[in-house]
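# Structural overview for review
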Amino acid sequence: MATATAQTATRTAHTALEPRMLRQMLLIRRFEEKAAEAYALGKIGGFCHLYIGQEAVAVGSLTALRDDDYVISSYREHGQALARGVSANAVMAELFGKATGCSSGKGGSMHLFDAGKRFLGGHGIVGGHIPLAAGLGFAIRYKGGDQLCICYFGEAAVNIGAFHETLNMASVYKLPVIFCCENNRYGMGTAFERVAAVTDVVEHACSYDMAAELVNGMDVLAVHAATQRAVERARKGGHPTLLEVRTYRYMGHSMSDPLHGVYRTKEEVEEQRKRDPISQLAMKLKEEGALDQAALDALDAEVHAEVEEAVRFADQSPDPDPAELTTHVLAD
Amino acid sequence: MATLTYRDALNQALREEMQRDPNVFLMGEEVGVYQGAYKVSRGLLEEFGPMRIVDTPIAELGFAGIGVGAAMGGLRPVIEFMTWNFAVLALDQIVNSAAKILYESGGQVPIPIVFRGPNGAALQLGAQHSQAWESWLSHIPGLKVVAPATPADAKGLLKSAIRDNNPVIVLEGEMLYNNKGEVPEGEHIVPIGQADVKRPGRDVTLICHSKTVAVALKAADQLAEREGVSAEVLDLRSLRPLDEPAILGSVARTNRAVVVEEGWPHAGLGAQVVDVIQREAFDQLDAPVLRVTQADVPMPYNKQLERLAKASPERVVAAVRRVLYLD
């Protein structure tokens, strides 16, 4: 009975949130589609890892956080930056390498930063940023705050030492960190089960006496609810949580990689697209009468316009001044 | 002035900076309950408690990264490596995180952190425990690197390192911890980037740092006594940035230089010093600049072989004789 009441309360709280989640997921989807176009046109260089398919993870989890919490991620972080409220203009300009980018054009796609939003990268070495999240958690605990840090990484990072060293220490020191593993099933072109002895990432939490939860990453509400539970653990007792969020990337590992072929079939990708997180939420809202097709079209048009504006802004922004080459190597 | 060991000078610097700034904390293996593998942190757990003197598991990559993250979160971590040989496991965090986050964030996120511990060979510890990492660490933009040779410099440079808003590498020496010297009390700061003439001279400049300062001083004594040669001993103290004006100023006076360094010859730190001299002081040189380095081999265990492998006063004297064309 108590559980039923709690669920009803959560439902009500969601109602106001769901249209916002839909908009954020749509924004990420359209933004990434535009980024792919701009990449093909040579406006974006280097590596560019798209988030299409995984939108529910960033949106579901970040909507459960406060503005004074920290967010840190891997190199597939456009979606989290946008969901955190970094403007589409600033993210697109960074992808274009422009001075108006959120990292002043010095970071690029893999190194998005916005210190004001406590969005602290954008890190390019698989698993290398996981200890940084524990360090942010350590700083929170040291200062006696009730904030937390959420750390995003792919399932492939679970095979690296930094993951295990960090989970152990986060548990020993009781750090307020949510380790959010986005299991999209492939580390570049290698299926997880081919290289991992334990394929349920949540199982690793047992080794470190840590709370853990397996989450459906195509359901934004499920991600949100699981994150809320982890947030509560972190705020109350400074306890870390390992979330394994099962998701799927529709695109190749990066823009220079194939969508499918040697490592997965076209049929598999198409099958996964049927679980699309945006369609699922839109359908739910329609069924509940909270949204009709006209409103959805209007929302899509609005998001399209925002992304078009971001491309225009990035295009017209200046390159960094040549003098910027040598600034920010050292702080004063 | 008090006479202190190098170890206690570092301890004093840590204690004073932790008293001065509540955001400074020390983290590493055995720093707390055990009082430090080399007792640099003796008494600090009792004074500052376990939140600020943090014992870690043996997980260099993990705790170095926790340090960097804590710096991102506004603290001033001092990360102790039991030796720099073990810090190789943490290079990803030093090189990819600490040194780059300020730049790749477009200046938004400074990383004020100190990584410190003993560097280079001690006695008969074998190949894996006897390595000098200064050329590796000095190669990286975004890092500062210091290598104090005396107790006074150890205290003054560690205090500067802790107050610096950048990642600073402090290379100590296992063989230096027991050395005694006069150390100014209280606010004694040695700015990063300033070399120091440890012995003035006229005929040749011996450029050295850390443990090789003692080697150079001994060689200078021998040169004065046996050869009538007046050698200037210039202690770099900071390896990045290098004090180029001090190097060039000394060479302008002596017209000859020998670099005495720990570490292997190939792509060693001394090669960078030689580059500065040939580029900026070519016309002032009366002889090629020579380097005295560790032998180009993994460090052997055997005592005699180890002695042969290390830079020695005898090899410095021989190099000086060559640049003075005495042979």
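Residues numbered from 1 in each chain as written. Chains lettered and ligands numbered in written order. Predicted model: local features only at pLDDT ≥ 70, side-chain atom pairs only at ≥ 80, totals over all residues.

Quick look at the overall build of chain B now. When helices and strands are counted, chain B shows 13 helices and 14 strands. For chain B, whose C-alpha radius of gyration is 20 Å, the value lies close to the compact-globule estimate of 20 Å for 327 residues. Oriented by its inertia axes, the alpha-carbon framework of chain B measures out at about 60 × 45 × 40 Å. Burial analysis of chain B (327 residues in total) assigns 59% to the buried set. Relative to all contacts within chain B whose residues are 6 or more apart in sequence, the contacts with residues 24 or more apart total 78%. (Helix = DSSP H or I, 4+ residues; strand = E, 2+ residues; numbered from the N terminus. Rg over C-alpha atoms; globule rule 2.2 N^0.38 Å. Buried ≥ 20, exposed ≤ 12 C-beta atoms within 10 Å, placed from the backbone. Contact = placed C-beta atoms within 7 Å.)

On to the nonpolar core. Formed by 203 residues in total, the largest nonpolar core has its most connected members in Cys-151 of chain A together with Leu-206 and Val-258 of chain B. Per-element tally for this core: the top contributor is helix H1 (residues 2–40) of chain A, with 10 residues. Counting contributing residues, this core receives three or more from each of domain 1 (2–183) and domain 2 (196–323) of chain B. If we skip the residues at most four places from it in the chain, Leu-206 of chain B touches Ala-216, Ala-219, Ala-220, Ala-231, Glu-232, Val-233, Leu-234, Val-258, Val-260 and Val-316 of chain B. (Core = buried A, V, L, I, M, F, W, Y, C linked by C-beta atoms within 7 Å. Domains from an automatic or database assignment.)

Across the boundary between the two partners, chain A contributes 33 residues, which contact 36 residues of chain B. Broken down by secondary-structure element, the contributors of at least two residues to the side of chain A that touches chain B are strand S3 (119–122), helix H5 (130–143) and helix H6 (161–172) of chain A. Ranked by residue count, the leading element in the side of chain A that touches chain B is H5 of chain A, at 10 residues. Residue composition of the side of chain A that touches chain B, by class: 18 nonpolar, 12 polar and three charged. (Nonpolar A, V, L, I, M, F, W, Y, C, P; charged D, E, K, R; others polar.)

Moving on, we get to the sheet that holds strand S4 (residues 149–154) of chain A. All names here are of chain A. Reading across from one edge, S2-S3-S1-S4-S5-S9-S8 is the order of the seven strands in this open sheet, with mixed pairing throughout. Each having just a single partner strand, strand S2 (113–114) and strand S8 (211–216) make up the two edges of the open sheet. Of the strand pairs in this sheet, S2 and S3 are connected by two bridges, and their pairing is antiparallel. Its bridge partner lying in S3, Asp-114 is registered against Phe-119. (Pairing = 2+ DSSP bridges.)

So, about the packing of helix H4 (residues 88–95) of chain A against helix H12 (residues 293–316) of chain A. Residue and element names in this part refer to chain A. Between H4 and H12, the least distance of the axes is 8 Å, while the angle of their chain directions is 45 degrees. With respect to their mutual orientation, H4 and H12 come out oblique. Here H4 and H12 pass one another in a crossing that is right-handed. Residues Ala-88, Asn-89, Met-92 and Ala-93 of H4 form the contact with H12, whose own contacting residues are Glu-306, Val-307, Glu-309, Ala-310, Val-311, Phe-313 and Ala-314. (Axes fitted to C-alpha atoms, helices over the stretch in contact; angles between N-to-C directions. Parallel < 35°, antiparallel > 145°, perpendicular 65-115°, else oblique. Left-handed = near helix turned anticlockwise from the far one by under 90°.)

Another point: the confidence of the model for chain A. Chain-level statistics for chain A give a pLDDT mean of 95 and a share of 95% at 70 or above. Low pLDDT, under 50, characterises residues 1–10 of chain A; the stretch is placed with one contact to residues that sit more than four places away or in other chains. (pLDDT = per-residue confidence, 0-100.)

Quick look at the sheet that holds strand S10 (residues 204–208) of chain B now. Residues and elements named next belong to chain B. Across the sheet, five strands lie side by side as S9-S11-S10-S13-S14; this open sheet has mixed pairing. Only two strands of the sheet have a single partner each, and these edge strands are strand S9 (196–199) and strand S14 (290–292). For this sheet, the mean inter-axis angle between neighbouring strands, taken without regard to orientation, is 30 degrees. Where helix H13 (residues 313–323) meets the sheet, it contacts S10, strand S11 (231–235), strand S13 (257–260) and S14, and its direction lies at approximately 175 degrees from that of S14.

Here the focus is helix H11 (residues 269–280) of chain B. Residues and elements named next belong to chain B. In this model H11 runs 17 Å from its N-terminal to its C-terminal C-alpha over 12 residues, within 8% of the 16 Å that 1.5 Å per residue would give. For H11, the complete set of buried residues consists of Leu-269, Gly-270, Val-273 and Ile-277. The arc that holds the buried residues of H11, viewed along the axis, is 100 degrees, so those residues lie on one side. When the buried face of H11 is taken as reference, the exposed residues oriented beyond 90 degrees from it are Asp-275, Gln-278 and Arg-279. If you follow the buried residues of H11, they end up packed against helix H7 (134–138), S10, strand S12 (238–240), helix H10 (244–254), S13 and S14. (Expected span 1.5 Å × (residues − 1). Arc of directions from axis to C-beta.)

This part covers the domain arrangement of chain B. For interface size, the figure often reported is the accessible area lost on association. All names here are of chain B. By the assigned domains, chain B splits into domain 1 (2–183) and domain 2 (196–323). For domain 1 and domain 2, the distance between their C-alpha centroids amounts to 26 Å. Each partner contributes to the interface: domain 1 provides 23 residues, whereas domain 2 provides 21 residues. Listed by contribution, the elements that provide at least two residues to the side of domain 1 that touches domain 2 are H7, strand S6 (144–146) and helix H8 (151–163). In terms of residue class, the side of domain 1 that touches domain 2 is made up of 13 nonpolar, seven polar and three charged.

Let us look at the pairing of S13 of chain B. Residues and elements named next belong to chain B. Side chains of S13 alternate between two faces, with Ala-257 and Val-259 and Val-258 and Val-260 buried alike. Sheet topology note: the S10/S13 ladder contains three bridges and is parallel. If you follow Leu-206 over to S13, its bridge partner there is Val-258. Handedness of the S13-H11-S14 crossover: right-handed. (Right-handed = clockwise from strand over helix to strand, strands pointing away.)

All names here are of chain B. For S11, the buried fraction is high: five of the five residues fall into the buried class. Burial along S11 is two-sided: the residues Ala-231, Val-233 and Asp-235 and Glu-232 and Leu-234 are all buried. As for the winding sense of the linkage, the β-α-β connection from S10 through helix H9 (residues 212–227) to S11 is right-handed.

Between Gly-121 of chain A and Gly-122 of chain A the backbone carries a cis peptide bond, its omega angle lying at 20 degrees. Note on placement: Gly-122 of chain A falls in strand S3. Cis geometry is adopted by the peptide bond preceding Pro-241 of chain B, which originates at Arg-240 of chain B and carries an omega value of 0 degrees. Its place among the elements puts Pro-241 of chain B in the loop between S12 and H10.

For the rest of this paragraph, the subject is the environment of Pro-200 of chain B. Position of Pro-200 of chain B among the secondary structure elements: in the loop between S9 and S10. Measuring from C-alpha to C-alpha, the distance between Pro-200 of chain B and Val-233 of chain B comes to 6.4 Å, with 33 residues separating the pair along the chain.

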